[in-house]
Amino acid sequence: MDWDCLLADLESRFEAEHRSSIAAQAADLAEAETAAVRLADRLRGAVGRAIRLRTRGGVPVEGAVVRAEDGFVLVDEGDGLQALVPIDSLAFLAPLPGPAPEPGGRRRPTIQAVARELARTGARVRAMTPAGDVIGRIGRVGADYLDVVVDGPRGGNGERSLAGGAPRTGVVTVALGALDVLRSR
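Notes on the structure in this doc start here.

## Considering the overall build of the protein chain
On a plain count of helices and strands, the protein chain comes out with 3 helices and 10 strands. Counting over 185 residues, the protein chain shows a buried share of 35%. For the protein chain, the share of sequence-separated contacts (at least 6 apart) that also reach a separation of at least 24 residues comes to 59%. Surface summary for the protein chain: the accessible area is close to 10,800 Å², and the carbon and sulfur share equals 53%.

Here is the structure:
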């Protein structure tokens, strides 16, 4: 028996098994890493890039991603129009690059904080939901709702204050869970 050949063959098989094990572990780690990537992480990778998206309610939004947070993405649609889209209302997005790391060490704004700032500035908004749109100014923001002070129909430009025969003036409460897009200029 040629012991040198036998030992060399065993060493070769052990080395091949070791390489195979490392490759399998690397594949498992890559899969686990991909499984941990959230949609918000991929949207952070799209900041500054053009994107097309559609919400669960079918609202299309196209423009450049300005900011992406865990709870929302802000898209500049051009001509001064911006769309704040809750992550939970997103259905389709394209193109969407790989993830960008979450910036660490600082407090991230929520959709409620952004809505409160819009209320403070008195900005006119269009709250779009699958049930219809509410147009006005935000009066109050709660944990899971916002009150929109509906300022009535606008003259001749075809905007609707609220779908479904609801009041065209007064205060309308919009559930944040139903919000598809919050647009403002």
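Next comes the rest of the write-up.
## Quick word on unusual backbone geometry
Negative phi values dominate among residues other than glycine, just as trans dominates among peptide bonds. The omega torsion across A94 and P95 is -20°, close enough to zero to call that bond cis. With respect to the helices and strands, P95 occurs in the loop between β5 (90-94) and α3 (111-121). For D79, which is not glycine, the phi dihedral falls at a positive 55°. Within the fold, D79 resides in the loop between β3 (72-78) and β4 (81-86).

## Some words on α3
Residues I111, Q112, A115 and L118 constitute the buried set of α3. Buried residues of α3, viewed axially, fall in a sector of 120°; they line one side. Facing away from the buried surface of α3 by more than 90 degrees, the exposed residues are R120 and T121. Tucked into the core, α3 has its buried residues touching β3, β4, β6 (124-129), β7 (132-141), β8 (145-151) and β10 (181-184).

## A closer look at the sheet that holds β7
Strand pairing within a sheet occurs via backbone hydrogen bonds; the two strands may be parallel or antiparallel. Across the sheet, which stays open at both edges, the 10 strands sit in the order β5-β1-β2-β3-β4-β10-β6-β7-β8-β9 with antiparallel pairing between neighbours. The open sheet terminates on both sides in strands that have one partner only, identified here as β5 and β9 (169-175). Within this sheet the neighbouring strands show an average axis-to-axis angle of 40°, counted without direction. Here β7 pairs with β8 via 5 bridges, running antiparallel. Residue pairing in the sheet places I138 in a bridge with V148 of β8. The sheet contacts of α3 involve β3, β4, β6, β7, β8 and β10, and relative to β7 the element is tilted by about 85°.

## Considerations on the nonpolar core
Among the nonpolar cores identified, the biggest contains 20 residues, and V134, I138, L146, V174, L179 and L182 are the most heavily contacted of them. Sorting the residues of this core by element identifies β3, α3, β6, β7, β8 and β9 as the ones contributing at least two each. Among residues more than four places away in sequence, those in contact with L179 are P86, S89, I111, A127, M128, T129 and V174. Formed by 18 residues, the second largest nonpolar core is a distinct cluster that contains V65, V73, V75 and L96.

## Quick notes on the pattern of salt bridges
Per the stated rule, a full pass over the model turns up 10 salt bridges. R108 is the partner of E69 in a salt bridge, and the nearest nitrogen-oxygen pair spans 2.7 Å. Linking E69 in the loop between β2 (60-68) and β3 with R108 in the loop between β5 and α3, this pair joins segments that are 39 residues apart in sequence. Each member of the pair, E69 as well as R108, carries the same accessibility label: buried. Residues R183 and E77 are paired through a salt bridge, measuring 2.7 Å at the closest nitrogen-oxygen approach. On the criterion of sequence distance, the pair formed by R183 in strand β10 and E77 in strand β3 is long-range, its members being 106 residues apart. With a relative accessible area of 14%, R183 lands in the buried category. The partly exposed category is assigned to E77, whose relative accessible area is 22%.

About the thresholds
Residues numbered from 1 in each chain as written. Predicted model: local features only at pLDDT ≥ 70, side-chain atom pairs only at ≥ 80, totals over all residues. Heavy atoms only, no water. Helix = DSSP H or I, 4+ residues; strand = E, 2+ residues; numbered from the N terminus. Buried < 20%, exposed > 50% of the residue type's maximum accessible area, 1.4 Å probe, protein only. Contact = heavy atoms within 4.5 Å. Areas by Shrake-Rupley, 256 points an atom, 1.4 Å probe, with all protein chains shown as cover. Arc of directions from axis to C-beta. Pairing = 2+ DSSP bridges. Axes fitted to C-alpha atoms, helices over the stretch in contact; angles between N-to-C directions. Core = buried A, V, L, I, M, F, W, Y, C linked by side-chain atoms within 4.5 Å. Salt bridge = Lys/Arg side-chain N within 4 Å of Asp/Glu carboxyl O.

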